[in-house]
Amino acid sequence: AQKITQTQPGMFVQEKEAVTLDCTYDTSDQSYGLFWYKQPSSGEMIFLIYQGSYDEQNATEGRYSLNFQKARKSANLVISASQLGDSAMYFCATWDSNYQLIWGAGTKLIIKP
Amino acid sequence: GAVVSQHPSWVICKSGTSVKIECRSLDFQATTMFWYRQFPKQSLMLMATSNEGSKATYEQGVEKDKFLINHASLTLSTLTVTSAHPEDSSFYICSAKQAAYEQYFGPGTRLTVT
């Protein structure tokens, strides 16, 4: 069965600094995908970035990039030049064979001015 | 991007009453929608998978008779919490699957049962 582990319950980061949110995964599938979602205090889940297991390059979306290290089974999210609006919960996820998302426990990121 | 709406965004109801939550995909057709429940400071917990035109598939431990799911069309799924109790108070989120791996989430519904 698939499993996502996020070991950082919370992080404080100074505004404008880069931040890395850790995510490791466990799957026996050859083909899989990894997602990062942001959940602000309003509750909505906001899709940030996706990495397919066969993608040769790390995914990037604006200030978000995914540091995909297949051998280490890690898919860390990197946010460059953090902003106050980045304060939120961040969830790493993968999907199972039914395309149901398997979620990590989340990391609460707080950006300090 | 694809937009999913939920209605209502916040509801308070009395214990013993039923509450219906709607999930709509506004600009795409979704053959599959998912219903999640989220407790404070926790991750999303999948409750059920809703496929258009067929019965929902519930996760282990989720009471089918309590959480009624109907997926009547390609753009609408509803979750009805029947005979609600205070322990049903939670944040309920739906998502709609557009392509193989693309899921779009609704803004969530905060349910408080008094």
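Higher on the page you've got the structure.
Being a predicted model, the structure only gives us computed values, none of them experimental.

Novice: I tried to follow the packing of aromatic side chains on my own but got confused; where do I start?
Specialist: What describes a pair of aromatic rings is the distance from one ring centre to the other and the angle between the planes of the rings. Tallied over the entire structure, the rule returns 16 aromatic pairs over all chains. For the pair Trp-103 of chain A and Phe-105 of chain B, a centre-to-centre distance of 5.7 Å together with 70 degrees between the ring planes defines the contact as edge-to-face. Here Phe-105 of chain B lies in strand E10 (residues 103–105) and Trp-103 of chain A lies in strand E11 (residues 101–103), a pairing that spans two chains. Residue class for Phe-105 of chain B comes out buried when judged on its relative accessible area of 10%. With 5.7 Å between their ring centres and 35 degrees between their planes, Tyr-36 of chain B and Phe-105 of chain B make a pair best called tilted.

Novice: Explain the sheet that holds strand E1 (residues 4–7) of chain B to me, please; I cannot follow it from the model alone.
Specialist: Consider a sheet: its strands pair through backbone hydrogen bonds, and that pairing is either parallel or antiparallel. Residue and element names in this part refer to chain B. Taken in spatial order, the four strands make up an open sheet running E1-E3-E8-E7, and their pairing is antiparallel. Where the open sheet ends on each side, the last strands, each with one partner, are E1 and strand E7 (67–73). When the angles between neighbouring strand axes are averaged without regard to direction, this sheet yields 15 degrees. In the sheet, E7 pairs with strand E8 (residues 76–81) via five bridges, with the strands oriented antiparallel. Counted as the bridge partner of Phe-67 is Val-81 from E8.

Novice: Looking at this structure, I do not really get the nonpolar core. What am I missing?
Specialist: Generally speaking, a soluble globular protein has its nonpolar side chains buried in company with each other. Residues and elements named next belong to chain B. In terms of nonpolar packing, the biggest core is built from 26 residues, with Trp-35, Tyr-58, Phe-67, Ile-69, Leu-79, Tyr-92 and Leu-111 touching the most fellow members. Elements that contribute at least two residues to this core include exactly strand E2 (10–13), strand E3 (19–25), strand E4 (32–38), strand E5 (44–51), E7, E8, strand E9 (90–97) and strand E11 (109–113). Here Leu-79 is in contact with Val-19, Lys-20, Ile-21, Trp-35, Phe-67, Leu-68, Ile-69 and Tyr-92, once residues within four sequence places are set aside.

Novice: What exactly am I supposed to notice about the interface of chain A and chain B here?
Specialist: Many structure descriptions define interface size as the accessible area lost when the parts assemble. If you look at the interface, chain A gives 16 residues, while chain B gives 18 residues. Carbon and sulfur atoms supply 59% of the area that chain A and chain B bury against each other, a total of about 1400 Å² over both sides. Among the residues of chain A in contact with chain B, Tyr-99, Gln-100 and Trp-103 of chain A are the three that bury the most area, contributing 36% of the side total. Counting across the interface, chain A meets chain B through zero salt bridges. Remark: the boundary between chain A and chain B carries four residue pairs in polar contact (both at pLDDT 80 or more). Only strand E5 (33–39), strand E10 (88–95) and E11 of chain A provide two or more residues apiece to the side of chain A that touches chain B. Among the residues forming the side of chain A that touches chain B, the class breakdown is 10 nonpolar, five polar and one charged.

Calculation rules
- Residues numbered from 1 in each chain as written.
- Chains lettered and ligands numbered in written order.
- Predicted model: local features only at pLDDT ≥ 70, side-chain atom pairs only at ≥ 80, totals over all residues.
- Heavy atoms only, no water.
- Phe/Tyr/Trp six-rings, centres within 6.5 Å; stacked < 30°, edge-to-face > 60°.
- Helix = DSSP H or I, 4+ residues; strand = E, 2+ residues; numbered from the N terminus.
- Buried < 20%, exposed > 50% of the residue type's maximum accessible area, 1.4 Å probe, protein only.
- Pairing = 2+ DSSP bridges.
- Axes fitted to C-alpha atoms, helices over the stretch in contact; angles between N-to-C directions.
- Core = buried A, V, L, I, M, F, W, Y, C linked by side-chain atoms within 4.5 Å.
- Contact = heavy atoms within 4.5 Å.
- Buried area = accessible area lost by both parts, 1.4 Å probe.
- Salt bridge = Lys/Arg side-chain N within 4 Å of Asp/Glu carboxyl O.
- Polar contact = N/O pair within 3.5 Å; in protein donor to acceptor, adjacent residues only side chain to side chain.
- Nonpolar A, V, L, I, M, F, W, Y, C, P; charged D, E, K, R; others polar.

In short, geometric facts, not functional conclusions.
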